[in-house]
Amino acid sequence: MPPTPEKPPALAVMSAEHWPLLFPPAVRHRLDQLVQLDPAGPIDRFDPDRLAEVEVLITGWGCPIVDHRILGKAPKLRAILHAAGSVKGHLGREVWERGIVVSSAAAANAVPVAEFALGAILLSGKGAFDLRERYRRDRWFELGHIHPDVGNHGRTVGLIGASRIGRQVLDLLRQFGFRVQVYDPYAHDLPSVDLRTLLSTSDIVSVHAPLTAETHHLLGAEELAQLRTGATLINTARGQVIDPDALIAELRTGRISAVLDVTEPEPLPVDSPLFALPNAFVTPHIAGSHGNELARMGACVTAELDRLLAGEPLHHGISLAELDRAA
């Protein structure tokens, strides 16, 4: 049956396993009201025969790169709505050069990352990671003993990167008794300190910078040495922002601690020292959307689609100018 004018043809291109989590029944129902989805989808490879009439691509994890070869088979394509975070690995610059509208659910994916970072900050300030190791090692604690060096009241938290996630963390931290400072040379709308000052004066440093040529190994041996003794370094951004050899060397001194949800490489080799170091708390890239959190991204894409078809500006559009500095 040909699509009606009110319901433009759309194709979902992503790993099939993610589709039901991104678009549970209520969200899928709204999606079906807006577009006519190709019944073959979701697919994880492009079929040229299915692209000729498509006006909207709904992409996600597992989507192949959309480049000039794909665009040449999709003459009517006018929008790509990405039901995940970064579009860097999925879309070629040709997409923007052809005037195709691009939107991402990165803002929705930022919510659980910011929540994870907040939890890590609060637990770090409370000394939970270090005290857990001591408790596990000694199998003993004295009830009523006051740990003098822990607590979140008046702690200084440094955020590296006023990215979408960094700003959400900043908003979440406002309800607590922290002193918060930010380093981001591009965030002209926020008070910012230089990197050395942030590292040397923060009790907890949380990394939220995108991975670019400028931020690759932004924190090397020299920068990590500037962290104050007893500081905790949290990374939920990209592992490559921190030089892994320099970090392991600094952790081995016992001078600082780290909470790492992302690493370089990823996954870590089975013999990585990070698994054994008591002052390294490592999780397997779980800060972003998982489980029921994926529905938030599907709802974000559906809302963008609603705005697109109503001729309204998108809330989460991505321009070519933003691409180079995006995560």
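This one's a predicted model, so the numbers in the text were calculated from it and none came from an experiment.

(A) Looking closely at the nonpolar core. One finds Ile 160, Leu 199, Leu 219, Leu 224, Leu 233, Leu 251 and Leu 274 to be the most contacted residues of the largest nonpolar core, which totals 28 residues. Mapped by element, the contributors of at least two residues to this core are α8 (195-201), β8 (204-207), α10 (244-252) and β10 (257-260). Of all the elements, α10 adds the most residues to this core, at 4 residues. Leave out the neighbours within four places in its chain, and Leu 233 touches Val 205, Val 207, Leu 219, Leu 224, Ile 242, Leu 247, Ser 257, Ala 258 and Val 259.

(B) Quick look at the pattern of salt bridges. By the definition in use, this model includes 19 salt bridges. A salt bridge links Arg 137 to Asp 138; the nearest nitrogen and oxygen atoms lie 2.9 Å apart. Assessed through its relative accessible area of 41%, Asp 138 is described here as partly exposed. Close ionic contact of Arg 255 with Glu 250 constitutes a salt bridge, the shortest N to O distance being 2.9 Å. When salt bridges with common partners are traced through the structure, they connect Asp 38, Asp 47 and Arg 50 into a single cluster.

(C) Highlighting the packing of helix α5 (residues 106-125) against helix α7 (residues 164-173). At their nearest, the axes of α5 and α7 sit 8 Å apart, and the two run at 50° to each other. The angle between the axes of α5 and α7 places the two elements in the oblique class. Like other packed secondary-structure pairs, α5 and α7 cross with a definite hand, here right-handed. Mapping the contact onto sequence places Ala 106, Ala 107, Ala 110, Val 111, Val 113, Ala 114, Glu 115, Ala 117, Leu 118 and Ile 121 in α5 and Arg 164, Ile 165, Gln 168, Val 169, Leu 172 and Leu 173 in α7. Taken together, the residues that form the contact of α5 with α7 break down as 13 nonpolar, 1 polar and 2 charged.

(D) Molecular detail of the side chain of Thr 59. With respect to the secondary-structure elements, Thr 59 resides in strand β3 (residues 56-59). Not counting residues within four places of it along the chain, the set of residues in contact with Thr 59 comprises Val 13, Met 14, Ile 80, Leu 81, His 82 and Ala 83.

(E) Looking closely at a nonpolar patch on the surface. Together, Tyr 135, Phe 141 and Leu 143 make up a nonpolar patch on the protein surface, roughly 380 Å² of accessible area in all. You can call Tyr 135 partly exposed: its relative accessible area is 44%.

(F) Region of the structure containing the domain arrangement of the chain. When cut into domains, the chain gives domain 1 (9-108 + 291-324) and domain 2 (110-282). Using only C-alpha atoms to locate each centre, domain 1 and domain 2 end up separated by 34 Å. In this assembly, 8 residues from domain 1 lie in contact with 9 residues from domain 2. Buried area between domain 1 and domain 2, summed over both chains or domains, comes out near 560 Å², and the portion from carbon and sulfur atoms is 44%. On the domain 1 side of the interface with domain 2, the three residues burying the most area are Ala 106, Ala 107 and Arg 296, jointly 50% of the side's total.

(G) Expanded view of the UniProt feature "domain: D-isomer specific 2-hydroxyacid dehydrogenase NAD-binding" (unreviewed entry) in the chain. Within the UniProt annotation, "domain: D-isomer specific 2-hydroxyacid dehydrogenase NAD-binding" (unreviewed entry) is assigned to residues 121-287. Across residues 121-287 one finds 28% helix and 15% strand; the C-alpha atoms that close the span lie 13 Å apart.

(H) Just the packing of aromatic side chains, in detail. Following the criterion strictly, the structure yields 4 aromatic pairs and no others. Ring centres 4.5 Å apart and planes at 40° place the aromatic pair Trp 19 and Phe 23 in the tilted group. When the centroid spacing of 5.2 Å and the interplanar angle of 80° are considered together, the rings of Tyr 135 and Phe 141 count as edge-to-face.

The rules behind these values
- Residues numbered from 1 in each chain as written.
- Predicted model: local features only at pLDDT ≥ 70, side-chain atom pairs only at ≥ 80, totals over all residues.
- Heavy atoms only, no water.
- Core = buried A, V, L, I, M, F, W, Y, C linked by side-chain atoms within 4.5 Å.
- Buried < 20%, exposed > 50% of the residue type's maximum accessible area, 1.4 Å probe, protein only.
- Helix = DSSP H or I, 4+ residues; strand = E, 2+ residues; numbered from the N terminus.
- Contact = heavy atoms within 4.5 Å.
- Salt bridge = Lys/Arg side-chain N within 4 Å of Asp/Glu carboxyl O.
- Axes fitted to C-alpha atoms, helices over the stretch in contact; angles between N-to-C directions.
- Parallel < 35°, antiparallel > 145°, perpendicular 65-115°, else oblique.
- Left-handed = near helix turned anticlockwise from the far one by under 90°.
- Nonpolar A, V, L, I, M, F, W, Y, C, P; charged D, E, K, R; others polar.
- Patch = residues over 30% accessible without salt bridge, like charges linked within 9 Å, V, L, I, M, F, W, Y side chains within 5 Å.
- Areas by Shrake-Rupley, 256 points an atom, 1.4 Å probe, with all protein chains shown as cover.
- Domains from an automatic or database assignment.
- Buried area = accessible area lost by both parts, 1.4 Å probe.
- UniProt positions renumbered as here; feature names shortened; annotations may be inferred.
- Phe/Tyr/Trp six-rings, centres within 6.5 Å; stacked < 30°, edge-to-face > 60°.

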